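Remarks on the overall topology
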Amino acid sequence: MRHLVIGMLAACGSDGGATDGGSDVPAVGCETTTPWAAAPAVTLGPTQETAAVATGGKIYVLGGFNGTLAVVDAVQIFDPAACTWSTGPALPKQVHHANAAVVDGTIYVLGSMQTTAFSTIGDVWSWNPATETTWTVRAPMPAGTQRGASVAGAIDGKIYVAGGLRNGAIADFGVYDPGA
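Residues numbered from 1 in each chain as written. Predicted model: local features only at pLDDT ≥ 70, side-chain atom pairs only at ≥ 80, totals over all residues. Heavy atoms only, no water.

1. Focus on the pairing of strand β9 (residues 151–155)
Judged from the 5 bridges that link them, β9 and strand β10 (residues 158–162) form a sheet pairing that is antiparallel. By the bridge assignment for β10, Ala152 is matched with Val161. Hairpin connection, β9 to β10: the antiparallel pair is bridged by 2 residues, and Asp156 has positive phi, about 50 degrees. (Pairing = 2+ DSSP bridges. Helix = DSSP H or I, 4+ residues; strand = E, 2+ residues; numbered from the N terminus.)

Spelled out as structure tokens, the structure:
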């Protein structure tokens, strides 16, 4: 199996003078006179098959394969205001294709894959970067629903996980209620 390894490109600079409020390019700390600028290299170098979420004005890149195709447990944090990378607490396991979403400032990982054999796990973890220093292990996904490479998103305090991979593509749909 061949993998394409790429780094991260972030939008930096001004919106080029747009006055209609419709620009998709945020004005951030990587100063430039054009709408786009290269951000500093990702902390671990090129990383792929990650999950990425945003909260508290920062972007969190979770797990993935590094440049040598080793699976990592890294949490890489990009701060657009400072135009810098840092690291957060390691994930409880080395994973790739993690399903992740944010509810009320807390990052949730709900299922992922491990090893280069793409083994699925239903582990669920949470971390609030503003108030916690480590990940919290939560009740796992129900047996038989574990998967990675899903679409995950939060609506009204609940996390929805759709599709993904588990021994091939699946059409599963699940809801996780962090409050329950």
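This is not the end of the story, as more comes after the structure.
2. With respect to the sheet that holds strand β6 (residues 106–114)
Pairing is antiparallel across the open sheet formed by 4 strands, whose spatial order is β5-β6-β7-β8. The sheet is open, and its two borders are formed by β5 (100–103) and β8 (136–138), each paired with just one other strand. The average angle at which neighbouring strand axes cross in this sheet is 30 degrees, direction not considered. Pairing of β6 with strand β7 (residues 119–127), which is carried by 7 bridges, proceeds in the antiparallel orientation. If you follow Val109 over to β7, its bridge partner there is Trp125. (Axes fitted to C-alpha atoms, helices over the stretch in contact; angles between N-to-C directions.)

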